[in-house]
Amino acid sequence: MLRVFPHHRQIDVQIHPSRSQSEIKRDLYNSISPGMSYDEVRNIIGWDGILIYEHEVNYSDTKIHEKIYQWSHQDISAGEHSLSNAGEINPYWSVTLQFQNDILINKSSLNLAP
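To start, this report covers the structure provided alongside it. (Residues numbered from 1 in each chain as written. Predicted model: local features only at pLDDT ≥ 70, side-chain atom pairs only at ≥ 80, totals over all residues. Heavy atoms only, no water.)

**What about unusual backbone geometry?**
Here is step 1: One non-glycine residue with positive phi stands out, namely S60, at about 45°.
Here is step 2: Here S60 shows up in the loop between β1 (50-59) and β2 (62-72).
Here is step 3: Since its relative accessible area comes to 82%, S60 is described here as exposed.
Here is step 4: Of note, N111 is a non-glycine position whose phi angle comes to about 60°, a positive value.
Here is step 5: Its location among the elements puts N111 in the segment after β4 (103-110). (Helix = DSSP H or I, 4+ residues; strand = E, 2+ residues; numbered from the N terminus. Buried < 20%, exposed > 50% of the residue type's maximum accessible area, 1.4 Å probe, protein only.)

**Description of the side chain of E66**
Here is step 1: Checked against the element boundaries, E66 lands in strand β2.
Here is step 2: It is K67 that comes nearest to the buried, bridge-free E66 among opposite-charge side chains, at 12 Å.
Here is step 3: Among all residues touching E66, those that are not within four sequence positions of it are Y53, E54, H55, Q98, F99 and Q100. (Lys, Arg positive; Asp, Glu negative; His and termini not counted. Salt bridge = Lys/Arg side-chain N within 4 Å of Asp/Glu carboxyl O. Contact = heavy atoms within 4.5 Å.)

This is the structure we're talking about:
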C-alpha cells in the first residue's frame, strides 16, 4: 500500500538581535572584560552567542566547565535590513568569547567596525 502524505510548507526561521544595531562595534567589544559572566556579556551585546565549543574537565576536587561562544555577521538576519542600507553593515565581523565556570577568561575579535 502506498501512502501519500501532504506536502508541508517550509517555515523560515530568522534570528533577530534585540538591539537596534546589527553588529558589535569596537567600543561595545572593549566594554566587555574578563571576569564578567555570560549573562553580563549577553546583556551588553543584546543577543545570545552561538555555542561553538563545550568541554568539562575534572581535576581532583575541581570541576572546570569551559564554553566558547561566537557572535558574528552570520547571526544577523539579512531580511532585517533593506538593500538600501546594506553597504553600511560590516559583513565579515566576529567576536569569540571563552568562559570557564561562567566567567569570561579570554576574548578575541575580527574585523570590528570603529
